[in-house]
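Listed here are the chains, written in short residue letters.
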Amino acid sequence: MTVMISTSVIEAENAKRQEALRRDYEGLGERLSRRGIEIDAIKQKVAAYGVAVPSWGVGTGGTRFARFPGLGEPRNIFDKLEDCGVIQQLTRATPTVSLHIPWDKVPDLAGLRERGSALGLGFDAMNSNTFSDAPGQAHSYKFGSLTHNDAATRRQAVEHNLECIEIGKALGSKALTVWIGDGSNFPGQSNFTRAFERYLDSMKAIYAALPEDWRIFTEHKMYEPAFYSTVVQDWGTNYLIAQELGPKAFCLVDLGHHAPNVNIEMIVARLIQFKKLGGFHFNDSKYGDDDLDTGSIEPYRLFLVFNELVDAETRAAEGFNPAHMLDQSHNVTDPIESLMTSAMEVGRAYAQALLVDRQALEGHQQENDALMASETLKAAFRTDVEPILAMARLESGGAIAPVATYRASGYRAKVAAERPSVAGGGGGIV
């Protein structure tokens, strides 16, 4: 397997921390044992858990007003794969990459798949783009894509999604994620009912082309880029879509695509209950769809989401097979560092949720003991599971301290010397 960072660097950095990690792990294991928890069993589950990295996430993001490119930004999908390979090499928690078409479109798909394999990476769900215009396309998406009034524009958007399926088949992907920016900015601009009817007709044409072993994920978003109405605006509409399309259609939950104070973990529970949870785009938010680093604002909410996921995992809920992916915009940090820490935060929330005493929790719920039910969850959340995460990384060949090891490797300076600088000034999140 091709490695982007010398194994000698990783070994040297691990050697500085290995004895301290051993002591921390043994100490945590003793404390967990008193709670009836076997630490090695938790470590094995954490080691087997993975979250996909978005290809676009390794580039620098931006706002509507400006974008400030970083050093050594990837020039193409092959550069992106190298950066994603670094994240997997150090964290051992990001084994797959999710591509966005046409951003990542290349003529040599066999070569792309081979390069991913050489870097130890597989390909997660394909992402279509009908929220912006590609060079040379015949019809603009300024006023919509799958819901456009013009049949030719809708047909173009459908054909783009069909192309994404074909590309995904060549790469070994098994899912298609569809998010559209269709909506309206003024009252009266769009007929809500007819727009949704056109959407369903378009999606049914895409669904009909899915291979038997594929899934399709539909993603809702409350607002942006349309600010008065959005065609797929909430989880209820998303659920209706999945029901209308059929058994291969599922709902994708982006943690930022909700109104303030919405109980996201309850939405997750509902979708699990009715067998329509497709998976997640992990990020965090303060005001809206901010695409901040996962766990940077509300780590307890992330834990509560995973509490529902582990509950479903524990009871082997029917149809439960969620896909997990990071979806963030990195404007002031090194994207590789942000994606590594975010992947670790997702793993942390999973490990903490595995520590919940589910028998005790159910007993407190049955007795209507609200305080002790809450304290049962907090006992798991307050536990420092870092030794478990670090030991899982170490035993898998990764880094005990991924960010410190990444910085010690000089990788960013190396690629900055190889990749031409990108001019700034443009607005728009990428």
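Residues numbered from 1 in each chain as written. Predicted model: local features only at pLDDT ≥ 70, side-chain atom pairs only at ≥ 80, totals over all residues. Heavy atoms only, no water.

Q: Please give an account of the sheet that holds strand β4 (residues 122-123) that cites residues and values.
A: Sheet strands pair by backbone hydrogen bonding; their relative direction is either parallel or antiparallel. Taken together, three strands build an open sheet; the order of strands is β1-β2-β4 and the sheet is parallel. In this open sheet, the two strands that pair with only one neighbour each are β1 (53-54) and β4. The pairing of strand β2 (residues 96-98) with β4 spans two bridges and is parallel. When the sheet's bridge partners are listed, threonine 96 is paired in β4 with glycine 122. (Pairing = 2+ DSSP bridges. Helix = DSSP H or I, 4+ residues; strand = E, 2+ residues; numbered from the N terminus.)

Q: Which residues make up the pattern of salt bridges, and what values go with them?
A: Applying the stated rule across the entire model yields 34 salt bridges. Across the salt bridge formed by arginine 17 and glutamate 13, the nearest N and O atoms sit 3.0 Å from each other. With arginine 17 and glutamate 13 both in helix α1 (residues 7-34) and four residues apart, this pair spans about one turn of that helix. The exposure class assigned to glutamate 13 is buried, which follows from its relative accessible area of 8%. Note that lysine 414 and glutamate 418 form a salt bridge whose closest N and O atoms lie 3.2 Å from each other. (Salt bridge = Lys/Arg side-chain N within 4 Å of Asp/Glu carboxyl O. Buried < 20%, exposed > 50% of the residue type's maximum accessible area, 1.4 Å probe, protein only.)

Q: Now, about the environment of methionine 340: what can you tell me, with residues and values included?
A: Within the secondary structure layout, methionine 340 lies in helix α10 (residues 335-354). Among the residues examined, methionine 340 registers a relative accessible area of 0% and is labelled buried. Sequence-wise, methionine 340 and arginine 419 are 79 residues apart; in three dimensions their C-alpha atoms are separated by 22 Å. Ignoring anything within four residues of it in the chain, the contact list for methionine 340 reads Ile87, Leu90, Thr91, Pro402, Val403 and Tyr406. (Contact = heavy atoms within 4.5 Å.)

Q: Describe the packing of α10 against helix α13 (residues 386-395), naming the residues involved and giving the relevant values.
A: In contact at an axis separation of 10 Å, α10 and α13 are set at 120 degrees when each is read in the N-to-C sense. If you check the angle between α10 and α13, you find them oblique. Remark: the crossing between α10 and α13 carries right-handed chirality. Where α10 abuts α13, its residues Met344, Gly347, Arg348 and Ala351 lie against Glu386, Leu389 and Arg393. Looking at side-chain class alone, the contact of α10 with α13 contains three nonpolar, one polar and three charged residues. (Axes fitted to C-alpha atoms, helices over the stretch in contact; angles between N-to-C directions. Parallel < 35°, antiparallel > 145°, perpendicular 65-115°, else oblique. Left-handed = near helix turned anticlockwise from the far one by under 90°. Nonpolar A, V, L, I, M, F, W, Y, C, P; charged D, E, K, R; others polar.)

Purely geometric numbers; function is a separate question.
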